[in-house]
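The chain contents come next:
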Amino acid sequence: MADFINIGFGNLVNTEKVVAVVNPDAAPIKRMVQNAKEQQHIVDATQGRRTKAVIVLETEQIVLSAVQPDTIAQRMTEGAALSRRTPKGE
């Protein structure tokens with residue numbers, strides 16, 4: 001079963017598809033985001049706010065979030081811990 005995490009403003013991402021959560025300030029990440037925009041592989045979930053995290057998916061799509069990468073990573077870790085404790089089928 002797929003686990004989803006909140007990446008801000010009620011937007012969710014499938015944790016099984018996440019390859020990386022990175023800071024958008026590095027030049028290579030900026031180039032990657034620009035290329036994704038040109039190829040229309042970008043999902044902007046910032047609601048017009050400043051991009052604080054870039055989420056790279058295994059489908060080669062890029063998701064922009066206004067939530068800090070540390071916060072997203074923490075939510076992913078907490079979600080994984082929760083799913084390990086919850087018996088399947090309940």
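Definitions and cut-offs
- Residues numbered from 1 in each chain as written.
- Predicted model: local features only at pLDDT ≥ 70, side-chain atom pairs only at ≥ 80, totals over all residues.
- Heavy atoms only, no water.
- Helix = DSSP H or I, 4+ residues; strand = E, 2+ residues; numbered from the N terminus.
- Buried < 20%, exposed > 50% of the residue type's maximum accessible area, 1.4 Å probe, protein only.
- Expected span 1.5 Å × (residues − 1).
- Arc of directions from axis to C-beta.

Caption draft 1: Region of interest: unusual backbone geometry. With a phi angle near 55 degrees, Gln47 is a residue other than glycine that sits in the positive phi range. Among the structural elements, Gln47 can be located in the loop between β4 (42-44) and β5 (53-57). Positive phi values are uncommon outside glycine, yet Glu60 reaches one of about 70 degrees. Residue placement: Glu60 occurs in the loop between β5 and β6 (62-65). Its relative accessible area of 60% is what places Glu60 among the exposed residues.

Caption draft 2: Representation of helix α1 (residues 27-38) in the model. Taking 1.5 Å as the rise per residue, α1 with 12 residues should run 16 Å; its terminal C-alpha atoms sit 17 Å apart, in good agreement. Listed as buried for α1 are Ile29, Val33 and Ala36. Down the axis of α1, the buried set is contained in an arc of 60 degrees. They therefore lie on one face. Summarising the geometry of α1, the exposed residues directed more than 90 degrees from the buried face are Lys30, Arg31 and Glu38. Just past α1, the residue Gln40 takes up positive phi, approximately 60 degrees.

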